[in-house]
Amino acid sequence: CDFKSGKPVSFPYYSREIHNPIEDQLQVTKRDVLLLLEGGWLLRNTPEWGKIRELSSFNLFVQGSIGDMRENVIRRHITGGRTIEDAMNFYGTSDLANTKEILENSVEADRKVLFYKDI
């Protein structure tokens, strides 16, 4: 992996405005960089996601109730430009299924921490 060997790399950035990643937005050109990746799918128990985990030295899982996470995700969609109705609909048709998939089909993290909705 170029990143682990200290070579310059670029990573995508997830845009809340267009609700998709934008390639090559985050440039890392220095060695000795702490890289933090965030995403619900990173611990998913599949060979493809396992390849990503092989590059990781520590995995953290943020654990909370589905209700609290629902509220947070809907609020994030609204901040990203969706209407309340669209945000709630999108959560029900996409995010909820993804949350259930992650909770049911993920590998154990190195550590779990609690999710607090008001932070």
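Residues numbered from 1 in each chain as written. Predicted model: local features only at pLDDT ≥ 70, side-chain atom pairs only at ≥ 80, totals over all residues. Heavy atoms only, no water.

Draft legend 1. Region of the structure containing the overall build of the protein chain. Of regular secondary structure, the protein chain possesses 3 helices and 4 strands. Along the chain direction, N to C, the helices and strands of the protein chain fall in the order β-β-α-β-α-α-β. For the protein chain, the C-alpha atoms occupy an extent of roughly 45 × 30 × 30 Å along the three principal directions. Excluding contacts between residues fewer than 6 apart, the proportion of contacts in the protein chain whose partners are at least 24 apart in sequence is 53%. As displayed, the protein chain offers around 9000 Å² of accessible surface, 53% of which is attributable to carbon and sulfur atoms. For the protein chain, the centre of its 16 positive side-chain charges and the centre of its 18 negative side-chain charges are spaced 3 Å apart. (Helix = DSSP H or I, 4+ residues; strand = E, 2+ residues; numbered from the N terminus. Contact = heavy atoms within 4.5 Å. Areas by Shrake-Rupley, 256 points an atom, 1.4 Å probe, with all protein chains shown as cover. Lys, Arg positive; Asp, Glu negative; His and termini not counted. Charge placed at Lys NZ, Arg CZ, Asp CG, Glu CD.)

Draft legend 2. Fine view of helix 3 (residues 84-104). Spanning 21 residues, helix 3 covers 28 Å between terminal C-alpha atoms, matching the ideal 30 Å at 1.5 Å per step. A bend of about 45 degrees at tyrosine 91 is the largest found in helix 3. Along helix 3, the positions that sit buried rather than exposed are Ala87, Tyr91, Asp95, Thr99 and Ile102. (Expected span 1.5 Å × (residues − 1). Bend = angle between axes of the 7 residues up to and from the residue. Buried < 20%, exposed > 50% of the residue type's maximum accessible area, 1.4 Å probe, protein only.)

Draft legend 3. Representation of the packing of aromatic side chains. Throughout the structure, instances matching the rule amount to 0 aromatic pairs. Above the face of the phenylalanine 90 ring, arginine 82 is positioned so that its terminal group lies 4.0 Å from the ring centre. (Phe/Tyr/Trp six-rings, centres within 6.5 Å; stacked < 30°, edge-to-face > 60°. Lys NZ or Arg CZ within 6 Å of the ring centre and 35° of its normal.)

Draft legend 4. Just the pattern of salt bridges, in detail. Scanning the model with the defined rule gives 3 salt bridges in all. Between glutamate 101 and arginine 44 there is a salt bridge whose closest N-O contact spans 3.1 Å. Of the two residues, glutamate 101 is situated in helix 3 and arginine 44 in the loop between strand 2 (20-28) and helix 1 (47-53); the sequence distance between them amounts to 57 residues. Classification of arginine 44 as partly exposed rests on a relative accessible area of 24%. Of the charged contacts, one joins aspartate 86 and arginine 82 as a salt bridge, the two residues approaching to 3.0 Å between their closest N and O atoms. On the basis of relative accessibility, which here comes to 32%, the residue aspartate 86 falls in the partly exposed class. (Salt bridge = Lys/Arg side-chain N within 4 Å of Asp/Glu carboxyl O.)

Draft legend 5. Looking closely at helix 2 (residues 66-79). Over its 14 residues, helix 2 runs 20 Å from end to end, which matches the ideal 20 Å to within 8%, given 1.5 Å per residue. All buried positions along helix 2 are accounted for by Met69, Val73, Ile74 and His77. What you see down the axis of helix 2 is that its buried residues fit within an arc of 130 degrees, all on one side. Among the structural elements, helix 3 are those in contact with the buried residues of helix 2. Directly beyond the C-terminal end of helix 2, a positive phi value near 115 degrees is found at glycine 81. (Arc of directions from axis to C-beta.)

Draft legend 6. View of unusual backbone geometry. A positive phi angle, close to 55 degrees, is found at aspartate 24, a residue other than glycine. Looking at the secondary structure, you find aspartate 24 in strand 2.

Nothing here speaks to function; it is geometry throughout.
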